[in-house]
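Architecture at a glance
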Amino acid sequence: MITLDTKPVRVQCDIIKCALDQAGIQYRVIDLTKDAEAMAYVQSLGYRQAPVVVIDDGQHWAGYQPGKIAALR
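Report follows, based on the coordinates. Counting from 1, residues in each chain are numbered in the order their sequence is written. Restriction of local features to residues with pLDDT of at least 70 applies here, the model being predicted, together with a cutoff of 80 or more for giving and counting side-chain atom pairs; totals for whole chains, interfaces and linings are based on all residues. Only hydrogens and water are set aside when side-chain values are computed; all heavy atoms of the structure are taken into account.

Quick word on the overall build of the protein
- For the protein, the count of helices and strands is three helices and four strands.
- Helix and strand assignments follow DSSP, with helices taken as H or I runs no shorter than four residues and strands as E runs no shorter than two, numbered in order from the N terminus. The helix and strand sequence of the protein, counted from the amino end, reads β-α-β-α-β-β-α.
- In this description the radius of gyration comes from C-alpha coordinates, and the expected globular size is given by 2.2 Å times residues to the power 0.38. For a compact globule of 73 residues, the expected C-alpha radius of gyration is about 11 Å, and the protein comes in at 11 Å, within 12% of that figure.
- Buried means the residue's accessible area, taken with a 1.4 Å probe over protein chains only, is under 20% of the maximum for its type, while exposed means over 50%, and partly exposed covers the values in between. Out of the 73 residues in the protein, the part that is buried amounts to 38%.
- Intrachain contacts of the protein at a sequence separation of at least 6 include 60% that bridge at least 24 residues.
- Counting every atom, the protein has about 4500 Å² of accessible surface; 49% of that belongs to carbon and sulfur.
- In this count, Lys and Arg are taken as positive residues and Asp and Glu as negative ones, while His and the chain termini are left out. Throughout, a charge is located at the NZ atom of Lys, the CZ atom of Arg, the CG atom of Asp or the CD atom of Glu. Within the protein, the 8 negative side-chain charges are centred at a point lying 6 Å from the centre of the 8 positive side-chain charges. Only heavy atoms matter for contacts: two residues are in contact if any of them lie within 4.5 Å across the pair. Per-residue and other accessible areas were derived by the Shrake-Rupley procedure at a 1.4 Å probe size, with only the shown protein chains allowed to occlude residues.

Structure, rendered in structure tokens:
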């Protein structure tokens, strides 16, 4: 499962959602402004910005990275 940790009104968050949708990749969205536990987890991974993509196999990255999205197919 892919989790997309986001914040409202962030262009990069909208772009990555669109890219995942276009690639046909299922994901769940977590709003970091409403989920303190998710925010703490993202910060524990070393991230200070959204979006953050977290994959159940342990991969994670921040920001829009088309190459990594393409590799998920």
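Now that the structure has been shown, the text picks up again.
Here's the deal with the pairing of strand 2 (residues 28-31)
- Two strands form a pair only when DSSP identifies at least two bridges running between them. Pairing of strand 1 (residues 2-6) with strand 2 involves four bridges; the strand directions are parallel. The residue of strand 2 that forms the bridge with Thr6 is Asp31.
- A clockwise course of the path from the first strand over the helix to the second, judged with the strands pointing away from the viewer, identifies a crossover as right-handed. Regarding topology, helix 1 (residues 11-22) serves as the crossover connection from strand 1 to the parallel strand 2, and that connection is right-handed.

A short note on the side chain of Asp31
- For Asp31, the position within the fold is in strand 2.
- A pair is scored as a salt bridge if a Lys or Arg side-chain nitrogen falls within 4 Å of a carboxyl oxygen belonging to Asp or Glu. No salt bridge is formed by the buried Asp31; its nearest oppositely charged neighbour, Lys34, is found at 4.3 Å.
- For Asp31, the side chain forms a polar contact with the side chain of Thr33, separated by 2.5 Å.
- When neighbours within four sequence positions are excluded, Asp31 is seen to be in contact with Thr6, Lys7 and Pro8. Any pair of N or O atoms that falls within 3.5 Å is considered a polar contact. Within protein, one atom must be able to donate a hydrogen and the other to accept it, and sequence-neighbouring residues count only if both atoms are side-chain atoms.

A short note on the nonpolar core
- Membership of the largest hydrophobic core comes to 22 residues, with the highest contact counts inside it found for Ile16, Leu20, Val53, Trp61 and Ile69.
- Elements represented by at least two residues in this core include exactly strand 1, helix 1, helix 2 (36-44), strand 3 (52-55) and strand 4 (60-62).
- The contact partners of Ile16, leaving out residues within four places of it in the chain, are Leu4, Pro51, Val53, Trp61, Gly63, Tyr64 and Ile69. Put simply, buried Ala, Val, Leu, Ile, Met, Phe, Trp, Tyr and Cys residues joined by side-chain atoms within 4.5 Å make one nonpolar core.

A few points about the side chain of Thr6
- Mapping Thr6 onto the fold places it in strand 1.
- In this view, Thr6 contacts Cys13, Lys17, Val29, Ile30, Asp31, Leu32, Thr33 and Ala50; residues no more than four positions away in its chain are not counted.

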